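# Understanding the architecture of this molecule
So you can see what is in the structure, the chains are spelled out below.
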Amino acid sequence: MIKAVRGTRDLLPPDTALWNFVEAAVRDVFRAYNFQEIRTPIFEETALFSRSVGEETDIVSKEMYTWEDRGRAASEKGQSLTLRPEATAGIVRAYIEHKLWDRGLNKLYCIGPMFRRERPQKGRYRQFYQIDAEIIGPASAGSDSPARDAEVLEMLATLLNRLGITDWNLELNSVGCANDRARFNEALRQALKPVVGKMCADCQRRAVTNPLRVFDCKVPEDQPIIEKLPRISQFLDEPCRAHFEAVQEILKSVGVEFQINDRLVRGLDYYTRTAFEFTHGALGAQNAILGGGRYDGLSESLGGPAAPGIGFAIGEDRLVMSLKETAEGVLRKPDVYVAPLGAGMNGEAARLARELRQHDLVVELGDETFRLKKSFEAATKAGAKYILIVGENEVKAGAFALKNLATAEQVQVARGDLAHRIQEK
Ligand code: AMP
């Protein structure tokens, strides 16, 4: 038997109703902040990701699904392509390619699958879904302002609360700018020199090529060493420090709680200044629901104009997981099961079902070959609230037997009153 590939999964009903519920809430909340949707391709040129996310990151060095495409002619070498591991790079590419600043488009979001060859476990998949939003634009439009960072964070708090996820935790840090980073990396190199021999092979490599990435290390034995390393917060220059302060001030003024975590550097190289993660206790080991940050140099590094930006990616799989306990009400069962009784009744039953569906009722429809007992079983299995019997006598009389399956109460209802009666509590 052929099964879904390891790390991928089918999203089945009734869970898909939760996914739709989340996406509808996301679209609604984002609209209030004037975000508009963008859809970018699922695969891009490999260089887009290696140049933006960073060669030394886990994503680029180990986790991308990359292949060489066929060339146009047999002799021609094909392009290197990659399934997108994250959305920001593609959105910034589109921003540059279509000169979106000319159209005043600076608040964009996208929802869709991402691909990373990680070790699958609960909450970690190889095809997973992200809800991604970005504010990007020329500095003259204020896109570098701490007000934008705070706006994005406040929007996320609003979204999570709206979804009924209240016990989240916002962890906040500033990873500084290129200036600070150079000094910080040098200090890290020095601090790592005497201890790096005791660290994992990845850290030994990172210590040479990109010391900041040592903070991504998950190896338990390395953690006491990492705990003692210098922190980026000690290296922020005055403008970065003031920017970070201002973000915190606005968050306090809008009442969004946060904790400073000076170890938080995020696993992607393009981040500058504000970096953040929202975690949720109930999720277990993979407890980050979403992460994001500022990326002021990204557009230029991809050949575009200066365009400071800030964005985030919500792990939709994990968001849906944290929602499950509270979201019973989202799952809509059939309001009524229409049961044709006896030969020739399928047509009448279909007509009635059609009328009821036009009243925004969820209707499940049986078959005239079913005996009454079988119709009752099917209605119960579908979780319908009512069963409606459509036999020859009922059609002639223009009144139908409507039975509440939970209370067993049965009433005769005239055709014209059916929808209203079913909609009643
Ligand atoms: P990142 O793009 O790594 O900053 O991730 C942003 C969010 O996407 C994380 O906080 C997770 O919720 C989610 N995420 C990242 N990788 C995976 C994965 N392999 N499976 C499921 N969710 C993921």
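Residues numbered from 1 in each chain as written. Predicted model: local features only at pLDDT ≥ 70, side-chain atom pairs only at ≥ 80, totals over all residues. Heavy atoms only, no water.

## Description of the overall build of the chain
Looking only at helices and strands, one finds 15 helices and 16 strands in the chain. Over its C-alpha trace the chain gives a radius of gyration of 28 Å, far above what one expects of a compact globule, namely 22 Å for 425 residues. Along the first, second and third principal axes, the C-alpha atoms of the chain reach 90 × 60 × 50 Å. Counting across all 425 residues of the chain, residues that qualify as buried make up 51%. Total accessible area computed for the chain in this model is approximately 20900 Å², and 51% of it derives from carbon and sulfur atoms. When the 58 basic and 60 acidic side-chain charges of the chain are each reduced to a single mean position, those positions are 4 Å apart. (Helix = DSSP H or I, 4+ residues; strand = E, 2+ residues; numbered from the N terminus. Rg over C-alpha atoms; globule rule 2.2 N^0.38 Å. Buried < 20%, exposed > 50% of the residue type's maximum accessible area, 1.4 Å probe, protein only. Areas by Shrake-Rupley, 256 points an atom, 1.4 Å probe, with all protein chains shown as cover. Lys, Arg positive; Asp, Glu negative; His and termini not counted. Charge placed at Lys NZ, Arg CZ, Asp CG, Glu CD.)

## A short note on the domain arrangement of the chain
When its domains are assigned, the chain resolves into domain 1 (15-177 + 237-321) and domain 2 (333-423). With centres defined by C-alpha atoms, the gap from domain 1 to domain 2 works out at 48 Å. (Domains from an automatic or database assignment.)

## Looking at the sheet that holds strand β8 (residues 259-260)
The strand order across the open sheet formed by eight strands is β1-β5-β6-β11-β10-β9-β7-β8, and the pairing between neighbours is mixed. Strands with a single pairing partner mark the edges of an open sheet, and in this sheet they are β1 (36-37) and β8. Bridging between β1 and strand β5 (residues 107-115) involves two bridges; their strand directions are parallel. When the bridges of β5 are listed, Glu37 appears paired with Tyr109. (Pairing = 2+ DSSP bridges.)

## A few points about the UniProt feature "binding site: L-histidine" (unreviewed entry) in the chain
As recorded in UniProt, the feature "binding site: L-histidine" (unreviewed entry) lies at Glu86, Ala87, Thr88, Arg116, Gln130, Glu134, Arg266, Tyr270 and Tyr271. Along the polypeptide, Glu86 turns up in the loop between β4 (80-83) and α4 (88-97). With relative accessibility at 3%, the residue Glu86 sits in the buried group. With near-sequence residues (within four places) excluded, Glu86 lies in contact with Phe49, Val53, Met114, Arg116, Gln130, Leu268 and Tyr270. In this structure the side chain of Glu86 is engaged in a polar contact, spanning 2.8 Å, whose partner is the backbone nitrogen of Ala89. Looking at the element boundaries, Arg116 is found in the loop between β5 and β6 (127-136). Taking the relative accessible area as the measure of exposure, Arg116 reaches 15% and is therefore buried. (UniProt positions renumbered as here; feature names shortened; annotations may be inferred. Contact = heavy atoms within 4.5 Å. Polar contact = N/O pair within 3.5 Å; in protein donor to acceptor, adjacent residues only side chain to side chain.)

## Re the nonpolar core
Phe30, Phe276 and Phe312 are the most contacted members of the largest nonpolar core, which has 95 residues in total. When residues of this core are assigned to their parent elements, the largest contribution, eight residues, is made by helix α5 (residues 146-162). Beyond its immediate sequence surroundings of up to four residues, Phe312 is in contact with Phe30, Ile131, Asp132, Ala133, Glu134, Val152, Met155, Leu156, Phe276, Leu290, Gly291 and Gly292. Counting residues in hydrophobic clusters, the runner-up holds 17 residues, among them Val363, Leu388, Leu402 and Val413. (Core = buried A, V, L, I, M, F, W, Y, C linked by side-chain atoms within 4.5 Å.)

## Re the state of the cysteines
Counted by the stated rule, this structure contains zero disulfides. Left unpaired, Cys200 is separated from the closest cysteine sulfur, that of Cys203, by 3.7 Å. Exposure remark for Cys200: the relative accessible area of 16% places this residue in the buried category. (Disulfide = S-S within 2.5 Å.)

## A closer look at the site of the ligand
The full set close to the ligand counts 15 residues, and Arg116, Glu118, Tyr125, Arg266 and Ala288 are the nearest of them. Within the side chain of Glu118, a nitrogen or oxygen atom sits 2.6 Å from a nitrogen atom of the ligand. For the ligand, an oxygen atom lies 3.4 Å from a polar atom in the backbone of Leu290. When the free accessible area of the ligand is taken as 480 Å², the share hidden by the protein chains comes to 92%. (Near = heavy atom within 4 Å.)

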